[in-house]
Amino acid sequence: MPGQSAVSTKRRGSLKPRRGSIVPVQASKEMPWDLFDRLLLPLLCCHAVAIILSGLLNLLRISQVSTFTLFIWFALSVVGAILFYHHLKVSAPGKVILITGCESPLAWFLARKLDELGFTIFAGFTKRACEDADQLKEEGTGRITILQLDVTSERQMLEASLLISENLPEGTRGLWAVVHCAQWVALGELEWVPFPVLRKSIDINLLGAARLTQIMLPLVRRANGRIVFLSSALSRIPAPVRGAQCATQAGLEGLAVCLRHELKPRGVDVSIVSAGEFAAGTAWLSESSMLEQARNMWALLSDEQKQTYGEDYFEQALRSLEKYTNVDADILPAVRALIDACIRTFPLPRYTPVTRGEKIQTIIAEHFPRSVYDIFYAN
């Protein structure tokens, strides 16, 4: 898992420096796009209604009220209602949340914060006996249960479902939320990536989340709960040498969108948290683990492939990712979005805790011709 390579400094509850490259920083570059996204369409509708209504009133000589006046009146009313609606929260006591991939700094910190808010947490680790699991249990409030949960293991997922159902707090009907944070990063151009590595990436990032959702849904439906998927901006942004990651993230988001429509009549919410480059996994790779992947891939290439690409090009392509292993990344915006998806009475379908630059890049990738995107972002 990516979180096993290079994890954070200051990420633990005690905020003691630890191993690595991801830190919650004070001056966050990420923006609260969730509230902006929730307000944008209603404000545009207010403007359109103001134009139409003002024109009709003036045409029928009923009133000479201006479009601007009507827009301000509609906007204030709508924004006030949306802010009230947006900030409604559920009561935490008695609600149970399952989090996968807790060996990663982001999921570890999320489990810690939700525990502090009063939720009962089942924290899934690929290996139950590890320092991170012990520390999370030790620093928790007593409402944290550690699970051995490899999302590629059918047996472990079924055992987790049985354990959760047998240990729900008294009076709790089911599982309030499943938060899918388990991620694994595969690097390299598609021709270079060994098939077992490609399969592992799909198994963890996509199939594991889909199967665990199937298993946990009966418990989630009982509580009218929610499913939360941690994704990446890479689902919308093409990134050569990370094609496998882009594909699994796009697949995960497609699955979540369809699942939202399927579960809406059942009273279950589905949210996607599409985090930035660092929070979603890339920065969890240490330089040593990245170079180890590169060496393994190069050794498995055929002589013809080695001659076609050349060792210099191969090394340069992998070295282009070093910028994601040598920086401090802020996980707090992604953690905040994941918490919002769990505690809001009316969660957003999609959260984007990304930087301004990533938001602009995503908008250009989605809404402009590919030639325009290539002008700004093509290598």
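Chains are numbered independently. Their residues run from 1 in the order of the written sequence. Selection of residues for local features in this predicted model requires a pLDDT of at least 70, selection of side-chain atom pairs for listing and counting requires 80 or more, and totals for whole chains, interfaces and linings are taken over all residues. With hydrogens and water stripped out, all remaining heavy atoms of the structure feed into the side-chain values.

1. A look at the packing of helix α6 (residues 195–222) against helix α7 (residues 243–263)
- To define axes, lines are fitted to C-alpha atoms, for helices over the stretch in contact only, and angles between the resulting N-to-C directions are given on a 0 to 180 degree scale. Under the DSSP-based scheme used, a helix requires at least four consecutive residues in state H or I and a strand at least two consecutive residues in state E, with every element numbered from the N terminus. Where α6 meets α7, the closest approach of the two axes is 8 Å, and the angle between their N-to-C directions is 15°. The pairing of α6 with α7 is recorded here as roughly parallel in orientation. Of the two elements, α6 crosses α7, and the hand of that crossing is right-handed. Along its contact with α6, which presents Leu198, Ser201, Ile202, Asn205, Leu206, Ala209, Ala210, Thr213 and Leu217, the element α7 presents Ala244, Gln245, Thr248, Gln249, Gly251, Leu252, Leu255, Leu259 and Leu263. Reported orientations rely on four angle classes, namely roughly parallel under 35 degrees, roughly antiparallel over 145, roughly perpendicular from 65 to 115, and oblique for the rest. We call a crossing left-handed when the near helix sits turned anticlockwise from the far one by less than a right angle, and right-handed when that turn is clockwise. In this analysis, two residues are considered to be in contact whenever any of their non-hydrogen atoms come within 4.5 Å of each other.

2. Here we look at the pattern of salt bridges
- Any carboxyl oxygen of Asp or Glu that lies within 4 Å of a side-chain nitrogen of Lys or Arg is treated as forming a salt bridge with it. Inspection of the entire model under this criterion finds 13 salt bridges.
- Across the salt bridge formed by glutamate 253 and arginine 236, the nearest N and O atoms sit 3.4 Å from each other. Taken together, the residues glutamate 253 in helix α7 and arginine 236 in the loop between β5 (226–232) and α7 connect sequence positions 17 residues apart.
- A salt bridge links arginine 344 to aspartate 340; the shortest N-O distance between them is 3.4 Å.
- One network of salt bridges, in which partners are shared, links Arg112, Lys113, Glu116 and Glu139.

3. Structural notes on the sheet that holds β5
- Here we have seven strands laid out as an open sheet, ordered β3-β2-β1-β4-β5-β6-β7, and parallel in their pairing. For this open sheet the edge positions go to β3 (144–148) and β7 (350–351), each flanked by a neighbour on one side alone.
- The pairing criterion is simple: DSSP has to find at least two bridges between the two strands. Strand direction decides the pairing type here: β5 and strand β6 (residues 269–275), joined by seven bridges, are parallel. When the sheet's bridge partners are listed, arginine 226 is paired in β6 with aspartate 269.
- Relative to β3, helix α4 (residues 131–139) is tilted by about 160°, and along the sheet it contacts β2 (120–125) and β3.

4. Some thoughts on the nonpolar core
- Each nonpolar core is a collection of buried residues, namely Ala, Val, Leu, Ile, Met, Phe, Trp, Tyr and Cys, held together in the definition by side-chain atoms within 4.5 Å. Only protein chains enter the calculation, and the probe is 1.4 Å; a residue is then buried if its accessible area is under 20% of its type maximum, exposed if over 50%, and partly exposed in between. Ranked by internal contacts, the top residues of the largest apolar core, which has 46 residues, are Leu98, Ile164, Leu175 and Met216.
- Among the elements of the structure, β1 (96–99), α5 (154–166), α6, β5, α7, β6, α8 (287–300) and α10 (311–319) are those that each provide at least two residues to this core.
- Apart from residues no more than four positions distant in its own chain, leucine 98 is found in contact with Phe122, Leu147, Leu149, Ile164, Leu175, Ala177, Val178, Val179, Leu212 and Met216.

5. A word on helix α1 (residues 33–59)
- Here, expected helix span is obtained from the residue count minus one, scaled by 1.5 Å. The terminal C-alpha atoms of α1 lie 39 Å apart, and with 27 residues this matches the ideal 39 Å at 1.5 Å per residue to within 8%.
- The seven residues ending at a residue and the seven starting there each receive a fitted axis; the angle between those axes is the bend at that residue. Taken as a whole, α1 carries its principal kink of about 30° at leucine 40; the proline proline 42 stands between one and four residues after it.
- Every buried residue belonging to α1 is among Trp33, Asp34, Arg38, Leu39, Cys46, Ala50, Ser54 and Leu57, and all of these are buried.
- Against the buried residues of α1 lie α2 (67–86), α11 (332–343), β7 and α12 (356–367).
- Positive backbone phi, approximately 60°, marks arginine 61, located one or two places after α1.

6. So, the packing of α5 against α6
- Running from amino to carboxyl end, α5 crosses α6 at an angle of 25°, the nearest separation of the two axes being 10 Å. By the criterion of interaxial angle, the relationship of α5 to α6 is roughly parallel. Where α5 crosses over α6, the handedness of that crossing is right-handed. On α6, the residues touching Glu154, Met157, Leu158, Ala160, Ser161, Ile164 and Ser165 of α5 are Gly208, Arg211, Leu212, Ile215, Met216 and Leu219.
- A breakdown of the residues in the contact of α5 with α6 according to their chemical character gives eight nonpolar, three polar and two charged. Each residue gets one label: Ala, Val, Leu, Ile, Met, Phe, Trp, Tyr, Cys and Pro are nonpolar, Asp, Glu, Lys and Arg are charged, and the others, such as Gly, are polar.

7. Structural notes on the confidence of the model for the chain
- The quantity known as pLDDT measures the predictor's confidence residue by residue, on a range of 0 to 100. On average, residues of the chain carry a pLDDT of 84, and 85% of them reach 70 or more.
- Taken together, the stretch residues 1–28 has pLDDT below 50 and engages in 94 contacts with residues farther than four places along the chain or on a different chain.
- The model gives residues 279–284 a pLDDT under 50, and that stretch makes 31 contacts with residues more than four places away or in other chains.

8. Topic: the pairing of β3
- Where β2 meets β3, five bridges bridge the pair, whose relative direction is parallel. Within β3, the position partnered with phenylalanine 125 by the bridge is glutamine 148.
- Look down the strands so they point away from you; if the path from the first strand over the helix to the second goes clockwise, the crossover is right-handed. Where the polypeptide runs from β2 across α4 and back to β3, its parallel neighbour, the crossover connection is right-handed.

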